[in-house]
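# Chains, contacts and geometry: an overview
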Amino acid sequence: MSGAPATAASMGGGKELIRFAVHVIQGRWFTVFASFIIMAGAGATYLFGIYSKEVKASLAYDQTTLNLLGFFKDLGASIGVLSGLIAEITPTWFVLLVGSAMNFVGYFMIWLAVTGKMAKPKVWQMCMYISIGANSQNFANTGALVTCVKNFPESRGVMLGLLKGFVGLSGAIMTQIYLAIYGNDSESLILLIAWLPAALSVLFVFTIRTMEVHRQPNELKVFYRFLYVSIALALFLMTMTIIQRRVSFPRAAYAGSASVVCVMLFVPLFIAIREELTIWKVSKKEPLSPKKKNPLAEKKEESETEPNCFTNIFKKPARGEDYTILQALLSIDALILFIATLCGLGSGLTAVDNLGQIGESLGYPTRTISSFVSLVSIWNFFGRVFSGFVSESLLVRWKFPRPLMMTLVLLLSCAGHLLVAFPAPGSVYVASVIMGFSYGAQLPLLYAIISELFGLKYYSTLFNCGQLAAPLGSYLFNVRVTGVLYDREAMKQLKAKGLKRSGVKELTCIGSECYRLSFMILTIVTFFGALVSLILVSRTREFYRGDIYKKFREEGQAAQMEIDIPSNNGGPADCEGDACANNVKNRN
């Protein structure tokens, strides 16, 4: 007879465990973890520098054609308006599924072309394939990043820094995985880029969604735990990158390195489970009361009417309120951001895309060139988390405006361009670090500024519109400037050897003069972008001196009043971590 209660208890414990597992999967913190994983596979565009030589050699492209392909990659990666508009009318899972399908189709077709498994496609077809593949990352961004910003509006800078940081690390992460699975085969890297990000989006497709916001007092501490894990991952990747360029690794060693990377990627899951366990304990001790009608919410419902999107185009609300899409796009602030982004991200993309050819022109071996690309990826991560966390801290503590941080980042980028224009022995290592850091730092700042100035109501579309200047800048500076000047120098060297263009398969330039003039132009353009961003600093100075998160705190308090969560005597509104559960226990 005594076995019956034990069996019932074990069955009850099993059901309790299942309920907790469902609670974890449906929680805000698991959404953050799932977004990290999706973002870790959403940076395939940063690997173009590794496999671009395979594309150039197998399809017999010159540098201008390769740069044209790079432009369409940047075009696809930057035109996210479609994903934003789709996200406005469809659920998040649909956005992620569309993105995973586009990713697989685009890169799989490139792999078939490069490996000769299909007839050689025309240039416009290759441009279409890489555009489709690169555009898929916008669907991942819109599905995961926008959802997390809406779920954590008062920690948006930190959230953006972490998520875009994992995108920055994705190049180095996928490099370790492809070396473990396929060995040192650049063609197989394209195949990995095709199936892995698509599989990750499908795996977590139903766990990422917008939820009701209830800010936890220890929220920032949790994000710092995520930060420490991501920094440890970045340092491990950087260490392995350096060692692998100096020591010849067997396949088993690559497999071990990739295994460590995968384990570190899942450490945030345990942090998420810990936080959800705290919430679970508190929710069991403090059952929610019936909802009460909040007078603030009632007032908001009465006053909230949906205006016609065309009637109020030029009747813009105050900064920080919810703009319509047209109000935001036709504002002076948006124009200034467009010009600064055109100069900053356009020149940054040009530098990153040409990094492989820069190393080749300066006589670096192939193994060292690969290390440049990995360094850009890793320092891209540091730039993103730095700008996210530091700009948030400076904003909250000293009202330091985010646009001014963007100005400083653009000035730093100028130094990286000058190191390429006037190279010294080993200077490309330093340039890779600076270019990766400064390019990565621009993105979280841009996305955060858009959310702060124009609100979150149409953020899915507006943040995708914010990066439209990047492909235009990439076309102007990469295709029309850098590619043309590189080919001109290469033709001079070819004529000096007494050869004609038809007599060589690949047009290659060797020497520091190959990129000198083009990177001097990029330096001037980036400096101009920094000056333009100072105009936005001046225009938004008063706005950033105020409390830009006041609105979200009031909305959180209104939601708290509706569900009647106790906020005194050690309730969940004024305690941290496991202390919440302990306080509830002591009070009972």
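Conventions used here
- Residues numbered from 1 in each chain as written.
- Predicted model: local features only at pLDDT ≥ 70, side-chain atom pairs only at ≥ 80, totals over all residues.
- Heavy atoms only, no water.
- Helix = DSSP H or I, 4+ residues; strand = E, 2+ residues; numbered from the N terminus.
- Buried < 20%, exposed > 50% of the residue type's maximum accessible area, 1.4 Å probe, protein only.
- Contact = heavy atoms within 4.5 Å.
- Areas by Shrake-Rupley, 256 points an atom, 1.4 Å probe, with all protein chains shown as cover.
- Disulfide = S-S within 2.5 Å.
- Phe/Tyr/Trp six-rings, centres within 6.5 Å; stacked < 30°, edge-to-face > 60°.
- Salt bridge = Lys/Arg side-chain N within 4 Å of Asp/Glu carboxyl O.
- Expected span 1.5 Å × (residues − 1).
- Bend = angle between axes of the 7 residues up to and from the residue.
- Polar contact = N/O pair within 3.5 Å; in protein donor to acceptor, adjacent residues only side chain to side chain.
- pLDDT = per-residue confidence, 0-100.
- Axes fitted to C-alpha atoms, helices over the stretch in contact; angles between N-to-C directions.
- Parallel < 35°, antiparallel > 145°, perpendicular 65-115°, else oblique.
- Left-handed = near helix turned anticlockwise from the far one by under 90°.
- Nonpolar A, V, L, I, M, F, W, Y, C, P; charged D, E, K, R; others polar.
- Core = buried A, V, L, I, M, F, W, Y, C linked by side-chain atoms within 4.5 Å.

### Concerning the overall build of the protein
Per the secondary structure count, the protein includes 25 helices and zero strands. Residue burial in the protein is summarised as follows: out of 588 residues, 56% are buried. Put simply, 83% of the contacts in the protein that link residues at least 6 apart link residues at least 24 apart. When the accessible surface of the protein is totalled, it reaches about 24300 Å², and 65% of it is carbon and sulfur.

### Things to note about the state of the cysteines
As used in these notes, a disulfide is a covalent bond between sulfur atoms, one from each of two cysteines. Overall, the coordinates contain one disulfide when judged by the stated rule. At a sulfur-sulfur separation of 1.9 Å, the disulfide partner of C509 is C514. In this structure, the disulfide formed by C509 and C514 twists by about -90 degrees around the S-S bond and is classed as left-handed. Since its relative accessible area comes to 0%, C509 is described here as buried.

### So, the packing of aromatic side chains
The full count for this structure, using the stated rule, is 34 aromatic pairs. Among the aromatic residues, ring-to-ring pairing joins W29, F36, F152, F166, F223 and F226 into one connected group.

### Considerations on the pattern of salt bridges
Enumeration according to the criterion identifies 12 salt bridges in this entry. Put simply, K53 and E360 hold a salt bridge, and the shortest N to O gap is 3.4 Å. Taken as a pair, K53 in helix α3 (residues 48–58) and E360 in helix α16 (residues 355–361) lie far apart in primary sequence, 307 residues in all. Linking R319 and D333 is a salt bridge whose minimum nitrogen-to-oxygen distance equals 2.8 Å. Of the two residues, R319 is situated in the loop between α13 (295–303) and α14 (325–329) and D333 in helix α15 (residues 332–353); the sequence distance between them amounts to 14 residues. Classification of R319 as partly exposed rests on a relative accessible area of 26%. Since its relative accessible area comes to 4%, D333 is described here as buried.

### Details of helix α21 (residues 469–496)
For α21, which comprises 28 residues, the first-to-last C-alpha distance of 39 Å matches the rise-based estimate of 40 Å (1.5 Å per residue) to within 8%. In the structure, α21 departs most strongly from a straight axis at N478, where the bend amounts to approximately 30 degrees. Positive phi shows up at G498, right after α21, with a value of about 80 degrees.

### Quick notes on the side chain of Q244
Relative to the elements of secondary structure, Q244 occurs in helix α10 (residues 219–246). In terms of polar contacts, Q244 uses its side chain to reach the side chain of Q176, at 2.9 Å. In this structure, Q244 is in contact with Q176, L179, F249, Y254, S257 and R367, ignoring residues within four places of it in sequence.

### Description of the environment of G383
Topologically, G383 is positioned in helix α17 (residues 366–398). Sequence separation between G383 and I434 is 51 residues; the distance between their C-alpha atoms is 9.1 Å. Sequence-distant contacts of G383, that is, excluding residues within four places in its chain, are made with F437, G440 and A441.

### Details of the confidence of the model for the protein
Overall, the prediction assigns the protein a mean pLDDT of 84, with 87% of residues at 70 or greater. Contacts for the low-pLDDT stretch residues 4–11, under 50 throughout, to residues beyond four places or in other chains number zero contacts.

### A look at the environment of Q493
Its location among the elements puts Q493 in helix α21. In contact with Q493, not counting residues within four places along its chain, are T508, C509, I510, E513 and C514.

### Topic: the packing of helix α5 (residues 81–89) against helix α7 (residues 123–151)
For any two helices packed against each other, one specifies the crossing angle of their axes together with the interaxial distance. At a closest axis distance of 8 Å, the pairing of α5 and α7 adopts a crossing angle of 40 degrees. By the angle between their axes, α5 is oblique relative to α7. Between α5 and α7 lies a crossing of right-handed hand. Each of L82, S83, G84, I86 and A87 in α5 lies in contact with α7, whose residues at this interface are N138, F139 and T142. Split by residue class, the contact of α5 with α7 holds four nonpolar, four polar and no charged.

### Considering the nonpolar core
Ranked by size, the top nonpolar core spans 133 residues in total, and within it Y51 and Y459 carry the most contacts. Top contributing element to this core by residue count: helix α8 (residues 156–182), with 15 residues. The residues touching Y51, leaving out its near neighbours within four places in the chain, are Y107, I130, S186, L189, I190 and I193. Formed by 25 residues, the second largest nonpolar core is a distinct cluster that contains V352, I358, A421 and L507.

### Structural notes on the environment of F223
Note on placement: F223 falls in helix α10. Residue F223 is classed as buried on the basis of its relative accessible area, which comes to 0%. A sequence separation of 68 residues divides F223 from S155, and the C-alpha atoms of the two residues are 8.8 Å apart. Contact partners of F223, with chain neighbours within four places excluded, come to W29, F152, S155, V158, M159, L162 and F389.

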